[in-house]
Amino acid sequence: GAVVSQHPSRVICKSGTSVKIECRSLDFQATTMFWYRQFPKQSLMLMATSNEGSKATYEQGVEKDKFLINHASLTLSTLTVTSAHPEDSSFYICSAREVPSTDTQYFGPGTRLTVL
Amino acid sequence: AQSVTQLGSHVSVSEGALVLLRCNYSSSVPPYLFWYVQYPNQGLQLLLKYTSAATLVKGINGFEAEFKKSETSFHLTKPSAHMSDAAEYFCAVRTYSSASKIIFGSGTRLSIRP
């Protein structure tokens, strides 16, 4: 099946710094990618929908200036957590929808962000 | 708007026993429904999906789910639990917007007793 990778798998940063997380579709093209965050022992909450070549669509309550999303190509979307704070510590998971569109989204393995 | 509700945040069964994880959906149109499994510190793996074809859907690892419109349910079952089934299970629904977002339920942690 289709594979989605994320890099890094784990990152620790200091408060106030910015962190970039990459999401790549390895063997298919994805016009749409999704970013989720998951707090410990909780469900996945959709943060934003990333569309290739256009601005991301953010879910209600998600600060778009804090969570910058760029989808520059059909195989890469990036999430940058700007001026990270300890409350941003979470598990971030991306998913990608294959072109042509199918009913299946392929999920990445996740990135564990810890802000000290 | 589409949504799913998972009943029971934690289910514990004995090895070899029946596994039943409950999920109810809310949708004004025929939904696309999914079950995903997540092992600790890992991403999601698709177990099975319902896309309005057969109401009984068979997935990987011996799991299956039955779509019951009259009960608005999509419960996940496995006849005989294995220790390796211990994980977090998420029921999910795909929205009908142009973005086709997947919305997840709150999750059910499955524990297997020896």
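Residues numbered from 1 in each chain as written. Chains lettered and ligands numbered in written order. Predicted model: local features only at pLDDT ≥ 70, side-chain atom pairs only at ≥ 80, totals over all residues. Heavy atoms only, no water.

Colleague: So what exactly am I meant to see when it comes to the packing of aromatic side chains here?
Modeller: When we look at a pair of aromatic rings, we describe it by the centre distance and by the angle of the planes. One pass over the structure, following the stated rule, counts 13 aromatic pairs over all chains. Centroid distance F63(B) to Y89(B): 5.5 Å. Interplanar angle 45°. Geometry classified as tilted. With a gap of 26 residues between them, F63(B) in the loop between β6 (56-58) and β7 (64-68) and Y89(B) in strand β9 (residues 87-94) connect regions that are remote in the sequence. Side by side, F63(B) and Y89(B) carry an identical accessibility label, which is buried. For the ring pair F90(B) and F104(B), a centre distance of 6.1 Å and an interplane angle of 85° mean the geometry is edge-to-face. Residue F90(B) is located in strand β9, and its partner F104(B) is located in strand β10 (residues 102-104); the two are separated by 14 residues in the primary sequence. With relative accessibility at 0%, the residue F90(B) sits in the buried group. Under the relative-accessibility criterion, F104(B) is labelled buried at 9%. Aromatic ring contacts, followed pair by pair, group Y36(A), F107(A), F34(B), Y36(B), F90(B) and F104(B) into a single cluster. (Phe/Tyr/Trp six-rings, centres within 6.5 Å; stacked < 30°, edge-to-face > 60°. Helix = DSSP H or I, 4+ residues; strand = E, 2+ residues; numbered from the N terminus. Buried < 20%, exposed > 50% of the residue type's maximum accessible area, 1.4 Å probe, protein only.)

Colleague: Just to check I follow, could you spell out the interface of chain B and chain A for this structure?
Modeller: Accessible area lost on assembly of the parts is the figure often given for the size of an interface. Of the residues lining the interface, 21 residues belong to chain B; the matching set on chain A comes to 20 residues. Together chain B and chain A conceal approximately 1600 Å² of surface at their shared face, both sides included; 51% is due to carbon and sulfur atoms. Inspection of the region where chain B meets chain A yields one salt bridge. Here E59(A) makes a salt bridge to K101(B), at a shortest N to O gap of 2.9 Å. (Contact = heavy atoms within 4.5 Å. Buried area = accessible area lost by both parts, 1.4 Å probe. Salt bridge = Lys/Arg side-chain N within 4 Å of Asp/Glu carboxyl O.)

Colleague: How should I be thinking about the sheet that holds strand β1 (residues 4-7) of chain A in this particular structure?
Modeller: Sheets are built from strands paired through backbone hydrogen bonds, the pairs being either parallel or antiparallel. Residue and element names in this part refer to chain A. Strand order in the open sheet formed by four strands is β1-β3-β8-β7, and the pairing between neighbours is antiparallel. Pairing within the sheet leaves two strands with one partner each, and these edge strands are β1 and β7 (67-73). Shown here is a sheet whose adjacent strand axes are inclined to one another by a mean of 15°, direction ignored. Bridge count between β1 and strand β3 (residues 19-25): four bridges; the pairing is antiparallel. Looking at β3, one finds that H7 is bridged to E22. (Pairing = 2+ DSSP bridges. Axes fitted to C-alpha atoms, helices over the stretch in contact; angles between N-to-C directions.)

Colleague: Would you take a moment to explain the pattern of salt bridges for this structure?
Modeller: When the charged atoms of two side chains lie near each other, side chains of opposite charge can form a pair. Residue and element names in this part refer to chain B. Using the criterion set out here, one finds five salt bridges over all chains in the structure. Residue K78 is joined to D85 by a salt bridge in which the shortest nitrogen-to-oxygen separation is 2.8 Å. The class of K78 is buried, set by a relative accessible area of 10%.

Colleague: I'm lost on the sheet that holds strand β8 (residues 73-78) of chain B in this one. Help?
Modeller: Residues and elements named next belong to chain B. Judged by pairing direction, the sheet is antiparallel, and its five strands sit side by side in the order β1-β3-β8-β7-β6 without closing on themselves. Either end of the sheet is taken by a strand with one partner, and the two such strands are β1 (3-7) and β6. Averaged over neighbouring strand pairs, the angle between their axes works out to 20° when direction is ignored. Bridge count between strand β3 (residues 19-26) and β8: four bridges; the pairing is antiparallel. By the bridge assignment for β8, L21 is matched with L76.

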